[in-house]
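Chain by chain, the residues run as shown.
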Amino acid sequence: MHPTYTSAQKAIHWAVFLLVIGLYGLTYVEELFPRGDPGRALVWWFHISFGLLLFALVVIRVGLRLILGTPGLPTEMSELERWAAKIAHLLLYALLVTIPALGILLTWYRGDALSFFGLFTIPAPVSPDRDTARFIRELHSLCANSILILAGVHAAAALWHHFIRKDDVLKRMLPESTLSWSKSGKV
């Protein structure tokens, strides 16, 4: 076991975090434009493109986790805490895979092609179906809301470990420059 995550694992972790927040924010930006407005279509195009990027990063992240493993948890953690951490991570990964998959299906059932920043396009392999699209959109929204809640609990747990338990759980995922800064007593 490594004492910390690799630089690649850390970079992907924080990129995924930023993408999740940004994608969630784009759903609110979309609402600023009336239906049929080109601005709304542009926001939707960005949402799809960044969603596909998120999906790709999650696949890479899962692959790295399977290949490299994870740092061991502090020995002071109880069995219940270890179990909770494993379940929380499993749920986070499940949502990180499910949300983009539902987004892809939603796009196709709306009758739209997937476009990744205009670099390539994947046409819908299914016929448009408003009822199915509506159902998938509800699931997509439910999962998106769920990941924000779970990510909030995840962040709170990391901060609790850092400030209350004073262990290295949070430090394992911080960039190296942050770690050297924290050793000086400023974090």
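All of these numbers come straight from a predicted model, not from anything done at the bench.

A.B. asks: Whenever I open this one, the overall build of the protein confuses me. Can you help?
C.D. replies: Along its length, the protein carries five helices and two strands. The order of helices and strands in the protein, counted from the N terminus, is α-α-α-β-β-α-α. Taken along its principal axes, the extent of the C-alpha atoms in the protein is 55 × 30 × 30 Å. For the protein, buried positions account for 33% of its 187 residues. Considering only contacts in the protein between residues 6 or more positions apart, those separated by 24 or more positions represent 72%. In the form shown here, the protein has an accessible surface area of approximately 11,300 Å², with 70% of it arising from carbon and sulfur atoms. The distance from the centre of the 17 positive side-chain charges to the centre of the 13 negative ones in the protein is 6 Å.

A.B. asks: What exactly am I supposed to notice about the confidence of the model for the protein here?
C.D. replies: Should the pLDDT be low somewhere, the predicted coordinates at that spot are not to be read in detail. Summarising the model, the protein shows a mean pLDDT of 92, and 93% of its residues fall at 70 or more. Looking at the elements of the protein, mean pLDDT is at its lowest for helix α5 (residues 176–183), recorded as 55, and at its highest for helix α3 (residues 79–109), recorded as 97.

A.B. asks: Help me understand helix α1 (residues 7–30), please; the structure alone is not making it clear to me.
C.D. replies: Here α1 contains 24 residues, and its C-alpha end-to-end distance of 34 Å stays within 8% of the 34 Å for a straight helix at 1.5 Å per residue. When α1 is considered as a whole, its buried residues turn out to be Gln9, Lys10, Ile12, His13, Val16, Leu19, Val20, Leu23, Leu26 and Glu30.

A.B. asks: Explanation requested: the pattern of salt bridges in the structure shown.
C.D. replies: A side chain of one charge can pair with a side chain of the opposite charge if their charged atoms are brought near each other. Summed over all chains, the structure comprises five salt bridges. The salt bridge involving glutamate 30 is made with arginine 40; its shortest N-O contact spans 3.8 Å. Note that glutamate 30 is positioned in helix α1 and arginine 40 in helix α2 (residues 38–68), a separation of 10 residues in sequence. Arginine 40 shares its class with glutamate 30; the two are buried. Ionic pairing is found between arginine 40 and glutamate 31, a salt bridge with its closest N-O pair at 3.6 Å. On the basis of relative accessible area, glutamate 31 is assigned to the partly exposed category, the value being 45%. Overlapping salt bridges bring together Glu30, Glu31 and Arg40 as one network.

Thresholds applied
Residues numbered from 1 in each chain as written. Predicted model: local features only at pLDDT ≥ 70, side-chain atom pairs only at ≥ 80, totals over all residues. Heavy atoms only, no water. Helix = DSSP H or I, 4+ residues; strand = E, 2+ residues; numbered from the N terminus. Buried < 20%, exposed > 50% of the residue type's maximum accessible area, 1.4 Å probe, protein only. Contact = heavy atoms within 4.5 Å. Areas by Shrake-Rupley, 256 points an atom, 1.4 Å probe, with all protein chains shown as cover. Lys, Arg positive; Asp, Glu negative; His and termini not counted. Charge placed at Lys NZ, Arg CZ, Asp CG, Glu CD. pLDDT = per-residue confidence, 0-100. Expected span 1.5 Å × (residues − 1). Salt bridge = Lys/Arg side-chain N within 4 Å of Asp/Glu carboxyl O.

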